[in-house]
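Inside the fold
Read off the chains here:
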Amino acid sequence: KNCQYLTMKEQPHSCRGAETNAVLFLPLFCVRHCRRIMISSSGPSRKSLSKIACNRLQKELAEWQVSPPTGFKNKVTDNLQRWVIEVVGAPGTLYANETYQLQVDFPEHYPMEAPQVIFLHPAPLHPHIYSNGHICLDILYDSWSPAMTVSSVCISILSMLSSSAVKQRPADNDHYVKNCRNGRSPKETP
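What counts and how
Residues numbered from 1 in each chain as written. Predicted model: local features only at pLDDT ≥ 70, side-chain atom pairs only at ≥ 80, totals over all residues. Heavy atoms only, no water. UniProt positions renumbered as here; feature names shortened; annotations may be inferred. Helix = DSSP H or I, 4+ residues; strand = E, 2+ residues; numbered from the N terminus. Buried < 20%, exposed > 50% of the residue type's maximum accessible area, 1.4 Å probe, protein only. Contact = heavy atoms within 4.5 Å. Areas by Shrake-Rupley, 256 points an atom, 1.4 Å probe, with all protein chains shown as cover. Expected span 1.5 Å × (residues − 1). Pairing = 2+ DSSP bridges. Axes fitted to C-alpha atoms, helices over the stretch in contact; angles between N-to-C directions. Core = buried A, V, L, I, M, F, W, Y, C linked by side-chain atoms within 4.5 Å.

As recorded in an unreviewed UniProt entry, the protein chain goes by E2 ubiquitin-conjugating enzyme and comes from Musa troglodytarum. If you open the UniProt record of the protein chain and go to Function (unreviewed entry), you find "Accepts the ubiquitin from the E1 complex and catalyzes its covalent attachment to other proteins."

The following block contains the structure:
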C-alpha cells in the first residue's frame, strides 16, 4: 500500500570502544499506522499506536538492537506493537540457564500507559507468575511510570525471578486462572 507516512528510520550511533560510526536501519514502518510494511500483522485486533508511541518504540528498539539487557533477546515479530522477548535465567539462581518467552503488547498511548507483559507457555514456576503467564509485578500496573522502558521492565522481571527462593505457583493460581478465561488480559482480571 502507498501511504504518505512511510519512513525508514536511520539512526547513526557510535559503537562502544570503536572509532568508527555505524548507521542502524530500522524496518520500514508506516509512521501513522505503525505497522511494518509488506508484512501482515497477526493476532487480535487492537488500536494503532499513537505517533508518540511509534516514535518511542522505534527509539527503544534501536537502543535494544545496539545494547540489549543481559539475559534477553528480542525476537523479530510482524509489528512494532507486539514484541516477543527471550529470557534466560541468571547464573546462580533457581532459573539458571532456563529459557522463557515474554510477550509485550503495547497500548495505543504507550508510554503513558503500561504495556501488557505476560510469559508465553510454559511460564516459569514462581510465586508471582500464574500458570497462564500473567505476572504479578506492581510496575506493570499501578506503579508504572512513562520513564520506564522495555529494558527496565525486563530487568525488573529477571530480578524478580532471580530473587525467588522457591519454585511454586501463587497460592491463588487456580482461582485466578479460572477467572481469566476468554483471553482476559492481566489488567482486566479482578
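The structure having been displayed, the exposition proceeds.
Right, let's get into the overall build of the protein chain. The helix and strand inventory of the protein chain stands at three helices and seven strands. Listing every helix and strand of the protein chain by position from the N terminus yields β-β-β-α-β-β-β-β-α-α. A total of 190 residues make up the protein chain; the buried ones form 39% of that total. At a minimum sequence separation of 6, the contacts of the protein chain that also span at least 24 residues come to 54%. Accessible surface, the protein chain as shown: approximately 10,900 Å² in total, 52% of it carbon and sulfur.

If you check helix α1 (residues 51–66), its first and last C-alpha atoms are 23 Å apart, about what 16 residues at 1.5 Å a residue would give, namely 22 Å. Considered for burial, the residues of α1 that qualify are Ala-53, Cys-54, Arg-56, Leu-57, Gln-58, Glu-60, Leu-61, Ala-62 and Trp-64.

Pairing between the strands of a sheet comes from backbone hydrogen bonds, and it takes one of two forms, parallel or antiparallel. Strand order in the open sheet made by the four strands is β4-β5-β6-β7, with antiparallel pairing throughout. The sheet terminates laterally at β4 (72–75) and β7 (116–119), the two strands that pair on one side only. Direction aside, the axes of adjacent strands within the sheet are offset by 25° on average. Both β4 and strand β5 (residues 82–88) contribute to a ladder of four bridges, which runs antiparallel. Residue pairing across strands places Asn-74 opposite Ile-85, the latter belonging to β5. Contacts from α1 reach β4 and β5, with the element oriented near 30° to β5. Strand contacts of helix α2 (residues 150–162): β4, β5, β6 (99–105) and β7, with the helix running at about 35° to β5, the strand carrying the most contacts.

Counting 35 residues, the largest nonpolar core has Trp-83, Ile-85, Leu-102, Phe-119 and Ile-135 as the members making the most contacts within it. Only α1, β5, β6, β7 and α2 provide two or more residues apiece to this core. No other element matches the seven residues that α2 contributes to this core. Apart from the residues lying within four places of it in its own chain, the contact partners of Ile-85 are Trp-64, Phe-72, Lys-73, Asn-74, Tyr-100, Gln-101, Leu-102, Val-104, Val-150 and Cys-154.

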